[in-house]
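Observations on the three-dimensional arrangement
These are the residues of each chain, in order.
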Amino acid sequence: MPVDLGATVRLTAECRDPGGLPVTAASAAVTITLPDGTAATPPAAEDPAAPGTYHADHVTTLSGRHTVRWTWTGPASSYTDVFDVQEETPPAILSLADARQHLNLNSHKDDGEVRFWITATTRAVEHFVGPVLVREFTERHTVRNAAAVVLRRTPVVAVTAVDSVLSGTAAYPVDALDIDPDTGELVRLDGGWISGRLLITYRAGRAVIAENILGAARIILQHLWETQRASRGAVPGSSQDYAVTEPIPGLGYAIPNRALQLLEPDRLPPGGE
């Protein structure tokens, strides 16, 4: 499961001899390659109670994929692994408490996994209706004498900067522009053309999330949670709420029919996000 940004990750690995048995090594080292390409080398220590098992602690500072490389000498051995650190404020359409209540979970032992599926659910919902949670986006647009620039994500809350890619300075002051929140159409208030290679920063999402979207999110979460636990039996209500009759391009069988019906009033037009 992804790790929270700023949390300490305990990394573990076993040094094994050529026969595959855990063994104490003459030396042990671990290198963590961060998403920006820099490296961290926390000290590695052997577990006194489990010879051949080593651990190292790393305090996370960047979100994204991290690669872990263990190396030992005497005997020569190595092991490579990865872990992910989620962004500081990952998109979550449901709170952990709401998700646990909907899934009828009384124990906290699965909280990490539930949070993972909440994020997956959020991405699935946004595939159909655009950004649900208000957050910042940055897009590149190359235009020449255009009456308008259409931003890719809606609803748009506000445009915060329109800079030139080439110079890195403001290409147009935002107070001289008008944005249509629903269509993402950005125009000049004076009616002039928009030109240049532009870097547009804006905020998009919903300040208030409608009940039909939240209801669809709960159905999708339940479906994803139950289907990846097939050994526990059939999905409750699979004949109605959780039935999936045909695959969706890019999402397969991840979205139940009832969720799609609930999202229909807010669906993006063809060609949307």
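The present account deals with the structure reproduced in this document. (Residues numbered from 1 in each chain as written. Predicted model: local features only at pLDDT ≥ 70, side-chain atom pairs only at ≥ 80, totals over all residues. Heavy atoms only, no water.)

1. Some words on the overall build of the protein
Across its full length, the protein carries four helices and 13 strands. By the burial criterion, 37% of the 273 residues in the protein qualify as buried. Sequence separation of at least 24 residues holds for 67% of the intrachain contacts in the protein that already meet a minimum separation of 6. For the protein, the computed accessible surface area is about 14,800 Å², with 52% contributed by carbon and sulfur atoms. (Helix = DSSP H or I, 4+ residues; strand = E, 2+ residues; numbered from the N terminus. Buried < 20%, exposed > 50% of the residue type's maximum accessible area, 1.4 Å probe, protein only. Contact = heavy atoms within 4.5 Å. Areas by Shrake-Rupley, 256 points an atom, 1.4 Å probe, with all protein chains shown as cover.)

2. Considering helix H3 (residues 211-227)
An ideal rise of 1.5 Å per residue puts 24 Å on 17 residues; H3 measures up with 24 Å between its terminal C-alpha atoms. By the criterion of burial, H3 is predominantly enclosed, with twelve of the 17 residues buried. Here H3 has its buried residues at Asn212, Ile213, Ala216, Ala217, Ile219, Ile220, Leu221, Gln222, His223, Leu224, Trp225 and Glu226. (Expected span 1.5 Å × (residues − 1).)

3. Observations regarding the pairing of strand E2 (residues 27-33)
Summarising the sheet, E2 and strand E6 (residues 64-73) pair through seven bridges and their orientation is antiparallel. Across the sheet, residue Ala28 finds its bridge partner in E6, namely Trp72. With two bridges connecting them, E2 and strand E3 (residues 39-40) associate as antiparallel partners. Each bridged residue has a counterpart across the sheet, and for Thr33 the counterpart in E3 is Ala39. (Pairing = 2+ DSSP bridges.)

4. Some details on the packing of aromatic side chains
Taken as a whole, this structure holds four aromatic pairs when the rule is applied. When the ring of Trp70 is compared with that of Trp72, the centres are 5.7 Å apart and the planes differ by 10°; the resulting orientation is stacked. With respect to class, Trp70 is no different from Trp72; both count as buried. Summarising the aromatic geometry, the rings of Phe116 and Trp117 are spaced 5.1 Å apart at their centres and angled 85° between planes, so their arrangement reads as edge-to-face. (Phe/Tyr/Trp six-rings, centres within 6.5 Å; stacked < 30°, edge-to-face > 60°.)

5. Re the nonpolar core
Ile93, Val125, Val132 and Ile213 are the most contacted members of the largest nonpolar core, which has 27 residues in total. Mapped onto this core, the elements with two or more residues apiece are helix H2 (111-129), H3 and helix H4 (257-263). Of the residues forming this core, the biggest block, eight residues, is contributed by H3. The residues contacting Ile213, other than those within four sequence positions of it, are Ile93, Val125, Val129, Val132, Arg206, Leu263 and Asp266. (Core = buried A, V, L, I, M, F, W, Y, C linked by side-chain atoms within 4.5 Å.)

6. What to know about the side chain of Glu139
By the element assignment, Glu139 lies in strand E8 (residues 135-146). The class of Glu139 is buried, set by a relative accessible area of 2%. Engagement of the side chain of Glu139 in a polar contact is seen with the side chain of His141, the distance being 2.8 Å. A distance of 2.4 Å separates the side chain of Glu139 from the side chain of Tyr202, its partner in a polar contact. (Polar contact = N/O pair within 3.5 Å; in protein donor to acceptor, adjacent residues only side chain to side chain.)

7. Quick look at the environment of Arg206
With respect to the helices, strands and loops of the structure, Arg206 is situated in the loop between strand E13 (194-204) and H3. Residue classification places Arg206 among the buried positions, given a relative accessible area of 17%. Once the C-alpha coordinates of Arg206 and Val132 are considered, the two residues, 74 residues apart in sequence, prove to be 5.3 Å apart. In contact with Arg206, other than residues within four places in its own chain, are Val129, Gly130, Pro131, Val132, Leu133, Val134, Pro155, Ile213 and Asp266. Here Pro131 takes part through its backbone oxygen, which lies 2.8 Å from a polar atom of the side chain of Arg206.

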